[in-house]
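Descriptive analysis of the structure
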Amino acid sequence: MPTPRWIARANKYGINQLTRFIAPWAPGWAVVIHRGRKSGRTFRRPLWAFKRGDRFVIALTYGSRSDWVRNVVAAGGCEMISRTRRYRVTNPRVYNDPEASDMPLFIRFMLRYVLKAPEFLSTDIAQVVPKAA
């Protein structure tokens, strides 16, 4: 069972305001940059994401019905900033893994026993976006 939506709303104005500063460079964090399906606006979401070879695995702590997940899936990808590098990612796939096998040990524990969030989004890395000169 994903984290309740009321916590997501509270985080939007609390924790997310803090993590958006550390997510672009901190290990285990990333910023997902996506467009709204209806509004066309650009949004940035800090979240737990881990590079696994040529893909990213993102913990869906609020479940697959979150707007940002639906936006990324509908668009067929998005951009991400992780460890100060910008990536273009494609082929988003939502999957269920109660064991959280792609996550580091501490995050696995949090997802399995504290948050009880078994859903993940996997994306292929299509391109590392070069930094502007």
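Within each chain, residues carry numbers counting from 1 in the order of the written sequence. In keeping with the model being predicted, local features are shown solely for residues with a pLDDT of at least 70 and side-chain atom pairs are shown and tallied solely at 80 or more, while totals for entire chains, interfaces and linings include all residues. Side-chain numbers come from the whole structure's heavy atoms, not from hydrogens or water.

In the annotation of an unreviewed UniProt entry, the protein is listed under the name Nitroreductase family deazaflavin-dependent oxidoreductase and assigned to Nocardia huaxiensis.

Turning our eyes to something else, we now look at helix 4 (residues 105–114). Residues of helix 4 that are buried: Ile107, Met110 and Leu111. Down the axis of helix 4, the buried side of the element spans an arc of 90 degrees, and every buried residue falls inside it. In helix 4, those exposed residues whose orientation departs by more than 90 degrees from the buried face are Leu105 and Phe106. On its buried face, helix 4 is in contact with strand 2 (42–52), strand 3 (55–59) and strand 6 (119–129). Working definition: helices are DSSP H or I runs of at least four residues, strands are E runs of at least two. Numbering for both runs from the N terminus. Taken from the residues just after helix 4, Lys116 is the one with a positive phi, measuring 50 degrees. Accessible area is worked out with a 1.4 Å probe on protein chains only. A residue is then buried under 20% of its type maximum, exposed over 50%, and partly exposed in between. Throughout, the arc means that of the directions going from the helix axis to the C-beta atoms. Contacts were defined at the residue level, with two residues in contact if any of their heavy atoms lie within 4.5 Å.

Turning to the pattern of salt bridges, a few remarks are in order. A carboxyl oxygen of Asp or Glu within 4 Å of a side-chain nitrogen of Lys or Arg is what we treat as a salt bridge. All told, the structure shown has 7 salt bridges when counted by the stated rule. Among the ionic pairs, Arg86 bridges to Glu79, the shortest N-O distance being 2.5 Å. Its relative accessible area of 28% is what places Arg86 among the partly exposed residues. Assessed through its relative accessible area of 15%, Glu79 is described here as buried. One salt bridge connects Glu79 with Arg88, and the closest N-O pair in it is separated by 2.6 Å. Each of Arg37, Asp67 and Arg70 takes part in salt bridges that share partners, so that together they form one network.

Quick look at the sheet that holds strand 2 now. Strand order in this closed barrel of 6 strands is 1-2-3-6-5-4, and the pairing throughout is antiparallel. Put simply, the sheet's adjacent strands are angled 45 degrees from each other on average, direction ignored. With 4 bridges connecting them, strand 2 and strand 3 associate as antiparallel partners. The residue of strand 3 that forms the bridge with Lys51 is Phe56. Each axis is a line fitted through C-alpha atoms, taken for helices only over the stretch in contact, and angles between the N-to-C directions span 0 to 180 degrees. Sitting on the sheet, helix 3 (residues 67–75) touches strand 1 (29–35), strand 2, strand 3, strand 4 (77–82), strand 5 (85–96) and strand 6, and the angle it makes with strand 1 is about 65 degrees. In the packing of helix 4 onto the sheet, the strands contacted are strand 2, strand 3 and strand 6, and the crossing angle to strand 2 comes to about 115 degrees. DSSP bridges decide pairing: two strands pair if at least two such bridges lie between them.

Glancing now at helix 3. Along helix 3, the positions that sit buried rather than exposed are Trp68, Val69, Asn71 and Val72. For helix 3, the arc enclosing every buried residue in end-on projection is 160 degrees, short of the 170-degree limit, so these residues lie on one face. Close packing links the buried residues of helix 3 with strand 1, strand 2, strand 3, strand 4, strand 5 and strand 6. Backbone geometry just downstream of helix 3 places Gly76 in the positive-phi region, at approximately 80 degrees.

Counting 16 residues, the largest nonpolar core has Val32, Ala49, Phe56, Ile58, Trp68, Met80 and Val89 as its most contacted members. Counting only elements with at least two residues in this core, the list comes to strand 1, strand 2, strand 3, helix 3, strand 4, strand 5 and strand 6. The biggest single contributor to this core is helix 3, with 3 residues. In this structure, Trp68 is in contact with Val32, His34, Arg45, Leu47, Ile58, Leu60 and Leu121, ignoring residues within four places of it in sequence. Core analysis: the next-biggest nonpolar cluster, separate from the first, contains 11 residues, Trp48, Ala59, Ala100 and Ala117 among them. Within this scheme, the nonpolar core is defined by two criteria: the residues are buried Ala, Val, Leu, Ile, Met, Phe, Trp, Tyr or Cys, and they are joined through side-chain atoms within 4.5 Å.

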